[in-house]
Amino acid sequence: MGVFSSQSMIQVSYLVVAFLFIVGLKRMSSPVTAASGIRWAGLGMLLATIVTLAFMGASQTNLILVVSAILIGSVLAWVTGKRVAMTDMPQMIALYNGFGGGAAAAIAAVELFRGSEHSLTHLALAVIGGFIGAVSFSGSLIAFGKLQGLITKSIRFAGQKFVNLLILIGTVGLGVVVVFGINDAPPAISLFFALALVLGVAMTLPIGGADMPVVISLYNALTGLAVAFEGFVLDNAAMIIAGTVVGSAGTLLTQLMAKAMNRSLGNVLFANFGEGSSAACAGVNGTQKAIEASDAGVMMAFSQKVIVVPGYGLAVAQAQHKVWELCQLLIERGVTVKFAIHPVAGRMPGHMNVLLAEAGVPYELIADLEEINAEFETTDVALIIGANDVVNPLARTDPSSPIFGMPSLNADKVKNVIVIKRGQGQGFSGIDNALFVLDQTRMLYGDGQAAANQLIQAVKAVE
Amino acid sequence: MIDGIIALYIFMLAAFTGYEVISRVPVILHTPLMSGSNFVHGIVLVGAMVALGGATSTLEQVIGFIGVILAAGNAVGGYVVTERMLQMFLASGNRQKKGHG
C-alpha cells in the first residue's frame, strides 16, 4: 500500500474537490469571473470522478457497469445539452436537476436493499435523503414537462391538499417502518420509494407554469440536501460539502426569486395560483388597437427615449439579435435606449439577461425593475416584446387580481406603448392585461423576430 | 470515518459557505448560478459509483446502474448548459472591449 492508501488518496482528493467547487461557485457569482467559475467546478468534478474510479476497488463486473453507465449518461446529457436552444434552458436545468435527485434516491435504495451493517442514524439519513431525492426527481420531471409544453394543464381537484397530505403521511410512515426494520422486507422499501415519487408528481401538478422557476430552484436546493444526506451515509465528505453548499445556496436563491414575485414560498406551493382568475377579474374593458410596423418605426425614430421590455415571447421568437440591431439603429439616430428587465421576465430570473448578453447588448443599457421604474414617466416609447404579466398595471391597481402586489414595470406611464405580440391571447398566468387596452397603447401583431425586422426596415426608411 | 459531531460541523460550515457565496449576487446571474449549483450537486455521481461498485445482487446492480446514468446526466448536462450560458457573458464582454478600443 505504501504511504498513501486508497482511502487517504480519495479523502485528500475530495478536499481539493470541495475547494474547487466553492471557488467555482464564488467566481460564478460575479459577471466578470463567471465564465471561469464553471471550469474550476468542472475540474473538481473530473478529479473526483477519476480518483473515485481508480481507488474504489469494485469487482470487475461492477467496474464495467460503472464505466458503461457513466458513458451512457454523459453522452446523452452532452448531446441534449449542446443541442438545446437557449430559450429552453430552464426546463433543461429542471431535467438535469431531477436526474441528480433520482441518483440520490438510487443510492439510498441500493444501501437500503443491501441492508445490515448500517447504524440507525445511517438508515434514517439514507431514508430521508432518498425521500427528498425521489420527490425532487419526479417533481422536476413534471416541471420539465410543463415548461416543455408536454403537460399543458394544471390538474386540480377538490380535496387535493388533503390527498397530498395523506400521501405524505403514508410515505413518512413507510419510511419509519424501513428505518426500524419492522418487517425487514423489501416490499416496504419499494412501496416507500413509489409513494415518494407519487408525492413529487402530486405536489407539482397543481402549480401553475408562472411559478415554475421558483419550484425548480426549490427542487435544486432539495437535490443538494438529498446528496448531502447520502454523503453522510457513504462517509463521503465531497458529497456532504457540495450537497450542503448547494442546499443552502439554493434555498437563498429560491427566496430571492419568490421575493422578486412578491410571493411567499408557501403561497407558491399551496395557493393554486391563477385559479378562476379571469372570471373574477373585472378590471379589463376595452379593445386592443393595432398599428402598422412602418408607423411604429417612425414613432420610435423620432423619439428621445425608448425603453424596451422583453419577455418570454422574445425568447420564443429568438428575436434578441434583431431587437438589438433595431436598438443600435435608434442609438445611431441619437435616441436613448434602455432595456428594462423584470426579475421574473421569461421563465427564470436572469433568463432575459442571458439572451441579451448572447445578442451582445452591453450591460450598462440593461436596467432592473428598481433602477428603471421611475424613468418610464419621462420616456416617449415603451416597446414591449413578448412580455405580458410583468407589465400588467392590474398588479398595482386591482386587489382582486391574482397578480396583485407583484412588482410590475410601470409601462403604462409611458406616452406611447407599442406591444409586439403574436395574438390577442392572455399571458402565461391566464390574466387579461389592462395595459393592452389603454389609449396610448398600440398592438403590433406578429412573431417577435419578424416584427423587429419590419421595425428595422421602417427606421432605415426614415431620413 | 466521519463521526457524528464532526459531520455536523461540516454540515454547518458548508451551509454558511453556500449562503455567503450566493448572498450578493446580481439578478442577471441568478439563472446561470442556479444552473451552476445544479452542476455542483452532480457530485452525487461519485456516490452512485461507490453504491454500484459495492452492489451485491442483481436488483442492487440495476438500481445502481440507473443511478450512475442519472448522476452522470446531472453532472455533464449541468456543466454543458452552464458553460454555454456563461460563454455568452464572456462573448458580450469581449465585444464591449473591442467596441471601446
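Just so you know, these numbers come straight off a predicted model, no measurement behind them.

### Points about the overall build of chain B
The secondary structure content of chain B amounts to 4 helices and 0 strands. When the helices and strands of chain B are listed from N to C terminus, the series reads α-α-α-α. Across chain B, contacts joining residues at least 24 apart in sequence account for 66% of those joining residues at least 6 apart.

### Section: the overall build of chain A
For chain A, the helix and strand inventory stands at 18 helices and 6 strands. Along the three orthogonal principal directions, the C-alpha set of chain A runs to about 80 × 55 × 30 Å. By residue count, 57% of the 463 residues in chain A fall in the buried class. Sequence separation of 24 or more characterises 78% of the internal contacts of chain A that already satisfy a separation of 6 or more. As displayed, chain A offers around 18,100 Å² of accessible surface, 64% of which is attributable to carbon and sulfur atoms.

### Let's talk about the interface of chain B and chain A
Chain B puts 78 residues into the contact, and the matching count from chain A is 100 residues. Between chain B and chain A, a total of about 8,000 Å² is buried, with carbon and sulfur atoms accounting for 78% of that surface. Close ionic contact of A:Arg39 with B:Glu83 constitutes a salt bridge, the shortest N to O distance being 3.7 Å. At the boundary of chain B and chain A, one finds 16 residue pairs in polar contact (both at pLDDT 80 or more). Within the residue set of the side of chain B that touches chain A, elements represented by two or more residues are helix H1 (4–22), helix H2 (30–40), helix H3 (44–53) and helix H4 (58–100) of chain B. Ranked by residue count, the leading element in the side of chain B that touches chain A is H4(B), at 33 residues.

### Things to note about the pairing of strand S4 (residues 381–385) of chain A
Residue and element names in this part refer to chain A. Most of S4 sits out of view: 5 of its 5 residues are buried. The alternating pattern of S4 places Val381, Leu383 and Ile385 on one face and Ala382 and Ile384 on the opposite face, and all of these are buried. With 5 bridges connecting them, strand S1 (residues 305–310) and S4 associate as parallel partners. When the bridges of S4 are listed, Val308 appears paired with Leu383. Pairing of S4 with strand S5 (residues 416–421) involves 5 bridges; the strand directions are parallel. Among the inter-strand pairings, Ile384 is bridged to a residue of S5, identified as Val419.

### So, the pairing of strand S2 (residues 336–341) of chain A
Residue and element names in this part refer to chain A. Here 4 bridges tie S1 to S2, and the two strands are oriented parallel to one another. The partner of Lys305 across the bridge, within S2, is Thr336. As defined by bridge partners, S2 adjoins strand S3 (residues 366–368) across 3 bridges and the pair is classed as parallel. Residue Phe339 lies in a different strand from S3, and its bridge partner there is Ile366.

### Overview of the confidence of the model for chain B
Residues and elements named next belong to chain B. The share of residues in chain B with pLDDT of 70 or more is 84%, and the mean pLDDT across the chain is 84. Of all secondary-structure elements in chain B, the lowest mean pLDDT belongs to H4, at 80, while H3 reaches the highest, 96. Taken together, the stretch residues 92–101 has pLDDT below 50 and engages in 11 contacts with residues farther than four places along the chain or on a different chain.

### Focus on helix H15 (residues 351–359) of chain A
Among the 9 residues that make up H15(A), 8 are buried, leaving the element largely enclosed by the rest of the structure. Where H15(A) terminates, the next one or two residues include A:Gly360, which has phi positive at roughly 95 degrees.

### Some words on the pattern of salt bridges
Residue and element names in this part refer to chain A. Throughout the structure, instances matching the rule amount to 7 salt bridges over all chains. Arg114 is paired through a salt bridge with Glu111; the nearest N and O atoms lie 2.7 Å apart. Within this pair, Arg114 and its partner Glu111 are both found in helix H4 (residues 89–114), separated by 3 residues, close to a single helical turn. A relative accessible area of 4% means that Glu111 is categorised as buried. Of the charged contacts in the structure, one is a salt bridge between Glu375 and Lys338, with a shortest N-O distance of 3.1 Å. You can see Glu375 sitting in the loop between helix H16 (369–372) and S4 and its partner Lys338 sitting in strand S2, a full 37 residues away along the chain. Here the salt bridges do not stand alone but share partners, grouping Lys305, Lys338 and Glu375 into one network.

### Description of the sheet that holds strand S6 (residues 441–445) of chain A
One key point about sheets: their strands pair by backbone hydrogen bonds, in either a parallel or an antiparallel sense. Residue and element names in this part refer to chain A. The strand order across the open sheet formed by 6 strands is S3-S2-S1-S4-S5-S6, and the pairing between neighbours is parallel. The sheet is open, and its two borders are formed by S3 and S6, each paired with just one other strand. Across the sheet, the axes of successive neighbouring strands diverge by a mean angle of 25 degrees, strand direction being ignored. Strands in contact with helix H14 (residues 320–332) are S1, S2 and S4; relative to S2, the strand with the most contacts, it is inclined by about 145 degrees. Lying on the sheet, H15 is in contact with S1, S2 and S3; it crosses S2 at an angle near 140 degrees.

### Details of the nonpolar core
Counting 160 residues, the largest nonpolar core has A:Phe193, A:Met300, A:Val308, A:Val323, A:Phe339, A:Leu383 and B:Ile43 as the members making the most contacts within it. Of the residues forming this core, the biggest block, 15 residues, is contributed by H4(A). When residues of this core are sorted by domain, at least three fall in each of domain 1 (2–270) and domain 2 (293–461) of chain A. If sequence neighbours within four positions are ignored, A:Val308 has contacts with A:Val323, A:Cys327, A:Val337, A:Lys338, A:Phe339, A:Ala340, A:Leu383 and A:Ile385.

### Describing a nonpolar patch on the surface
All names here are of chain A. A surface patch of nonpolar side chains, about 850 Å² in accessible area, is lined by Leu120, Phe162, Leu165, Leu166, Leu168, Ile169, Val172, Val176 and Phe180. Looking at the nonpolar patch, the element that brings in the most residues is helix H6 (residues 160–180), giving 8 residues. By the secondary structure assignment, Val176 is in helix H6.

### Description of the environment of A:Val246
By secondary structure assignment, the location of A:Val246 is in helix H9 (residues 237–260). For the pair A:Val246 and A:Thr223, spaced 23 residues apart in sequence, the C-alpha separation works out to 8.4 Å. Those residues in contact with A:Val246, other than ones at most four positions away along the chain, are A:Asn220, A:Ala221, A:Gly224, A:Thr251, B:Ser37, B:Val40 and B:His41.

### A word on helix H1 (residues 6–28) of chain A
Helical periodicity: at 3.6 residues per turn, an α-helix aligns residues three or four positions apart in one direction. In this model, H1(A) (23 residues) spans 32 Å end to end at C-alpha, consistent with the 33 Å of a helix rising 1.5 Å per residue. Considered for burial, the residues of H1(A) that qualify are A:Ile10, A:Ser13, A:Tyr14, A:Val17, A:Ala18, A:Leu20, A:Phe21, A:Val23, A:Gly24, A:Leu25 and A:Met28.

Cut-off values and rules
- Each residue is numbered by its place in its chain's sequence as written, counting from 1.
- Working convention: letters from A go to chains and numbers from 1 go to ligands, in the order in which they are written.
- In keeping with the model being predicted, local features are shown solely for residues with a pLDDT of at least 70 and side-chain atom pairs are shown and tallied solely at 80 or more, while totals for entire chains, interfaces and linings include all residues.
- Note: side-chain values were computed over all heavy atoms of the structure, leaving out hydrogens and water.
- Secondary structure is summarised from DSSP: a helix means a run of H or I of at least four residues, a strand means a run of E of at least two, and numbering begins at the N terminus for each.
- Every residue pair with non-hydrogen atoms within 4.5 Å of one another is taken to be in contact.
- Buried, partly exposed and exposed residues are distinguished by accessible area as a fraction of the type maximum, computed with a 1.4 Å probe on protein chains only: under 20%, between the cut-offs, and over 50%, respectively.
- Per-residue and other accessible areas were derived by the Shrake-Rupley procedure at a 1.4 Å probe size, with only the shown protein chains allowed to occlude residues.
- The quantity reported as buried area is the accessible area (1.4 Å probe) lost by two parts once they are put together, taken as the sum for both.
- Salt bridges are defined by distance alone: a side-chain nitrogen of Lys or Arg within 4 Å of a carboxyl oxygen of Asp or Glu.
- Polar contacts, as counted here, are pairs of nitrogen or oxygen atoms within 3.5 Å of one another; within protein the pair requires one atom able to donate a hydrogen and one able to accept it, and residues that are adjacent in sequence qualify only if both atoms are side-chain atoms.
- When DSSP finds at least two bridges between two strands, those strands are taken to pair.
- You can read pLDDT as the predictor saying how much it trusts each residue, on a scale of 0 to 100.
- With axes taken as lines fitted to C-alpha atoms, and helix axes fitted only over the stretch in contact, angles between N-to-C directions fall between 0 and 180 degrees.
- Each nonpolar core is a collection of buried residues, namely Ala, Val, Leu, Ile, Met, Phe, Trp, Tyr and Cys, held together in the definition by side-chain atoms within 4.5 Å.
- The source of the domain bounds is an automatic or database domain assignment.
- Only residues whose relative accessible area exceeds 30% and that form no salt bridge enter a patch; like-charged residues are grouped when within 9 Å of one another, and nonpolar side chains (Val, Leu, Ile, Met, Phe, Trp, Tyr) when within 5 Å.
- Given a helix with a known number of residues, its expected span is that number minus one, times 1.5 Å.

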